[in-house]
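Here are the chains, one letter per residue:
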Amino acid sequence: MKECSITMVKILIVEDDNDINNMIHDLLRLNCIESVSAYSGTEALLLLDEHVDLVLLDLMLPGLSGQEVIKEIKKKNLPVIILTAIDKMDTKLDLFTLGADDYLIKPFDNNELLARVKIQLKHRQVAFSSALITYKDIILDENSYKVTCNEIKINLSKIEFKLLKILLESPTRVF
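What comes next is a walk through the structure. (Residues numbered from 1 in each chain as written. Predicted model: local features only at pLDDT ≥ 70, side-chain atom pairs only at ≥ 80, totals over all residues. Heavy atoms only, no water.)

Bridging between strand E6 (residues 132-135) and strand E7 (residues 138-141) involves four bridges; their strand directions are antiparallel. Within E7, the position partnered with Leu132 by the bridge is Asp141. Here E6 hands over to E7 after two residues, with Lys136 in that stretch at a positive phi of 50°. (Pairing = 2+ DSSP bridges. Helix = DSSP H or I, 4+ residues; strand = E, 2+ residues; numbered from the N terminus.)

This is how it looks when you write it as structure tokens:
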């Protein structure tokens, strides 16, 4: 097993088939990627929080369908990879229109899934890397207005947040 350093990546697996869900969870864990599992569309929306970086979404789910779930996920501007046995072109096009970032037909190769996950995370990192300002153990996230120091969340007012941002952008400058 790989030696994993602390990862800040978290993937939500939305798959009602227990064997497939567990297989994906194990694949991600072996590659140092944290995941959380949902087995229905409704449960997926309950588990969707600010720490989720990507969603692996099956279409045929109990409760809310994958199509209904993707609409809610895209409100959070998260990448979504569809995992389904449906290979109809109309369905694929509809899902891309709804906001799917990728589409993989079951059964899929684990290495291909992992490659597609890494590509989506890389795109997301590029998009959000400019929003993260770090200095030593302090991380300021402009998108979520969150600050952590030594992995402890620090609550700041808007003015304090803006002041800290200015200070972190030029840590050697005297103000």
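Read across the open sheet, the five strands follow the order E2-E1-E3-E4-E5; overall the sheet is parallel. In this open sheet, the two strands that pair with only one neighbour each are strand E2 (34-38) and strand E5 (102-105). On average, each strand axis in the sheet is tilted by 20° relative to the strand beside it, whichever way the strands run. Direction of pairing for strand E1 (residues 10-14) relative to strand E3 (residues 54-57): parallel, over a ladder of four bridges. In the strand pairing of E3, Ile13 is matched with Leu56. Packed on one face of the sheet, helix H1 (residues 18-30) meets E1, E2, E3 and strand E4 (80-84) and runs near 165° to E1. (Axes fitted to C-alpha atoms, helices over the stretch in contact; angles between N-to-C directions. Contact = heavy atoms within 4.5 Å.)

Counted by the stated rule, this structure contains two aromatic pairs. Plain terms: the ring middles of Phe96 and Tyr103 are 6.4 Å apart, the flat faces sit at 50° to each other, and that makes the pair tilted. (Phe/Tyr/Trp six-rings, centres within 6.5 Å; stacked < 30°, edge-to-face > 60°.)

Now for the nonpolar core. Formed by 19 residues in total, the largest nonpolar core has its most connected members in Leu12, Val14, Val55, Leu57, Ile73 and Ile82. Listed by contribution, the elements that provide at least two residues to this core are E1, E3, helix H3 (66-75) and E4. No other element matches the three residues that H3 contributes to this core. Not counting residues within four places of it along the chain, the set of residues in contact with Ile73 comprises Leu48, Val55, Leu57, Leu78 and Val80. In this structure, Leu27, Phe108, Leu113 and Val117 belong to the second largest nonpolar core, which totals 16 residues. (Core = buried A, V, L, I, M, F, W, Y, C linked by side-chain atoms within 4.5 Å. Buried < 20%, exposed > 50% of the residue type's maximum accessible area, 1.4 Å probe, protein only.)

The next subject is H3. Listing the buried residues of H3 in full gives Gly66, Val69, Ile70 and Ile73. In an axial view of H3, the angular spread of the buried residues amounts to 105°, which keeps them on one side of the axis. Where H3 is buried, its residues meet helix H2 (41-47), E3, E4 and helix H4 (89-98). With its phi angle positive at about 60°, Asn77 sits one or two positions after the end of H3. (Arc of directions from axis to C-beta.)

On to the pattern of salt bridges. A side chain with one charge may pair with a side chain of the opposite charge, provided their charged atoms come close. Here the structure, examined in full by the defined rule, presents nine salt bridges. Residue Asp101 pairs with Lys74 through a salt bridge whose shortest N-O separation is 2.9 Å. Of the two residues, Asp101 is situated in the loop between H4 and E5 and Lys74 in helix H3; the sequence distance between them amounts to 27 residues. Here the salt bridges do not stand alone but share partners, grouping Glu15, Asp58 and Lys106 into one network. (Salt bridge = Lys/Arg side-chain N within 4 Å of Asp/Glu carboxyl O.)

This is a description of form; function is not addressed.
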